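Structure at a glance
Here is what each chain is made of, one letter per residue.
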Amino acid sequence: MANTFIKIASVAVGAGGAATMVFSSIPATYTDLVVKVSARSTSSSGDCQIVLNGSGGTAYSGKLLYGDGAGALSASNSGVAQMSWGAGAINRSTTTSSTFCNTDVYIPNYTSSNFKSVSTDSVEENNATQAYSQLAGSLWANSAAITSITLSPSGGGNFVQYSTATLYGIKNS
Amino acid sequence: MTTAIEVNCATGEVVERPLTPEELAQREADAAAFAAQKHEEEVAAAEAAAAKAALLAKLGITEDEAKLLLA
């Protein structure tokens, strides 16, 4: 796998924070994409969402399974303007200071003319009973090749300094 | 200022820029949708808790006793 797992680009948030992290002009030369996220939000609630190709509208849907330290729960949505859990849990302002989430996002066949599926595996770090662990599946009902990925905290906050996202390309040959 | 950090994957250029009007509108819509969804979840959780409490009261048992029945 190692020689097909190629770093395309990385974003690191500076001292001023940022509302979004954007990968644009993604080359169509890979089979799949992976985004690895380590992030923290200024908001006290919310997850880390994804918008593809800058396209809002109503073409997104998703299913979420998660644990919150007390129980197992689930959620779903459809006809929404973003992948609500596309980039998983994000460390909120109420979590242990200077801790960040760990998230893997897998996007297979991102240049195909089929609708685009996204799977997400994510954990939040928190030195407390409540800490979220999430598995999510999302769909973008659009046949366009993915050329940009926008990450943002869904609670309306900003990414704090030292939040990072790295995009990798996966080739099947 | 509300900014985006954008990396152009073709050139490697990283730009920190203000959000476009479209991105700002999307951000506001997303925040409103998130708040609405959270409210719905809170209402559903409150209704479920109330229904559970009413059932326990009707049965005349505590939550721990109900757990024993299901164990």
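Residues numbered from 1 in each chain as written. Chains lettered and ligands numbered in written order. Predicted model: local features only at pLDDT ≥ 70, side-chain atom pairs only at ≥ 80, totals over all residues.

A few words now on the sheet that holds strand E3 (residues 32–38) of chain A. Residue and element names in this part refer to chain A. Read from one edge to the other, the open sheet built from eight strands follows the order E1-E11-E3-E7-E8-E9-E5-E6, with strand pairing classed as antiparallel. In this open sheet, the two strands that pair with only one neighbour each are strand E1 (5–12) and strand E6 (72–80). With strand direction ignored, the average angle separating the axes of adjacent strands in the sheet is 15°. The pairing of strand E7 (residues 102–107) with strand E8 (residues 116–123) spans five bridges and is antiparallel. Bridged to Val105 within E8 is Thr120. (Pairing = 2+ DSSP bridges. Helix = DSSP H or I, 4+ residues; strand = E, 2+ residues; numbered from the N terminus. Axes fitted to C-alpha atoms, helices over the stretch in contact; angles between N-to-C directions.)

Bringing the sheet that holds strand E2 (residues 20–24) of chain A into the picture now. Picture the strands of a sheet paired through backbone hydrogen bonds; they go either parallel or antiparallel. Reading across the sheet, the five strands line up as E4(A)-E10(A)-E2(A)-E1(B)-E2(B) and stay open at both edges, with mixed pairing between neighbours. Because the sheet does not close on itself, it has two edges, and the strands there are strand E4 (48–52) of chain A together with strand E2 (14–18) of chain B. Along the sheet, successive strands turn relative to each other by an average axial angle of 20°, direction set aside. Both E4(A) and strand E10 (residues 149–153) of chain A contribute to a ladder of five bridges, which runs antiparallel. Residue pairing in the sheet places Cys48(A) in a bridge with Pro153(A) of E10(A).

Quick look at the environment of Asp104(A) now. Residue and element names in this part refer to chain A. Mapped onto the secondary structure, Asp104 falls in strand E7. Remark: the alpha-carbon pair of Asp104 and Val123, spanning 19 residues in sequence, is separated by 9.4 Å. Asp104 has contacts with Val34, Lys36 and Asp121, leaving out every residue within four places of it along the chain. (Contact = placed C-beta atoms within 7 Å.)

All names here are of chain B. With 99% of its residues at a pLDDT of 70 or more, chain B has an overall mean of 89. Taking the mean pLDDT of every element in chain B, the minimum, 86, falls on helix H1 (residues 21–59) and the maximum, 96, on strand E1 (residues 3–8). Predicted complex metrics record ipTM = 0.91 and pTM = 0.88. (pLDDT = per-residue confidence, 0-100.)

We now examine the pairing of E8(A). Residue and element names in this part refer to chain A. Of the two faces of E8, only the one carrying Lys116, Val118, Thr120 and Ser122 is buried; Ser117, Ser119, Asp121 and Val123 on the other face are not. Where E8 lies against strand E9 (residues 133–140), eight bridges are found, and the strand directions are antiparallel. Of the residues in E9, the one forming a bridge with Val123 is Ser133. (Buried ≥ 20, exposed ≤ 12 C-beta atoms within 10 Å, placed from the backbone.)

Turning next to the interface of chain A and chain B. In this assembly, 28 residues from chain A lie in contact with 20 residues from chain B. Of all elements in the fold, only E1, E2 and E4 of chain A reach the threshold of two or more residues within the side of chain A that touches chain B. The greatest single-element share of the side of chain A that touches chain B, amounting to five residues, is contributed by E2(A). Looking at side-chain class alone, the side of chain A that touches chain B contains 15 nonpolar, 13 polar and no charged residues. Alignment of E2(A) against E1(B), held across five bridges, turns out to be parallel. (Nonpolar A, V, L, I, M, F, W, Y, C, P; charged D, E, K, R; others polar.)

Side chains of a nonpolar character, in soluble globular proteins, are inclined to be buried together. Within the largest apolar cluster, 48 residues are counted, with the highest numbers of intra-cluster contacts made by Met21(A), Phe23(A), Val35(A), Val37(A), Ile50(A), Ile149(A) and Leu151(A). The leading source of residues in this core is E4(A), at four residues. Apart from the residues within four sequence positions on either side, Phe23(A) is in contact with Ala9(A), Ser148(A), Ile149(A), Leu167(A), Val7(B) and Cys9(B). (Core = buried A, V, L, I, M, F, W, Y, C linked by C-beta atoms within 7 Å.)

The end-to-end C-alpha distance of H1(B), which contains 39 residues, comes to 57 Å, matching closely the 57 Å that a straight helix rising 1.5 Å per residue would cover. Three or more residues of H1(B) are buried, namely Glu23(B), Gln26(B), Arg27(B), Asp30(B) and Phe34(B). Looking at the buried side of H1(B), the elements it contacts are E2, E4 and E10 of chain A together with E1 of chain B. Among the residues trailing H1(B), Gly60(B) stands out with phi positive, at a value near 75°. (Expected span 1.5 Å × (residues − 1).)

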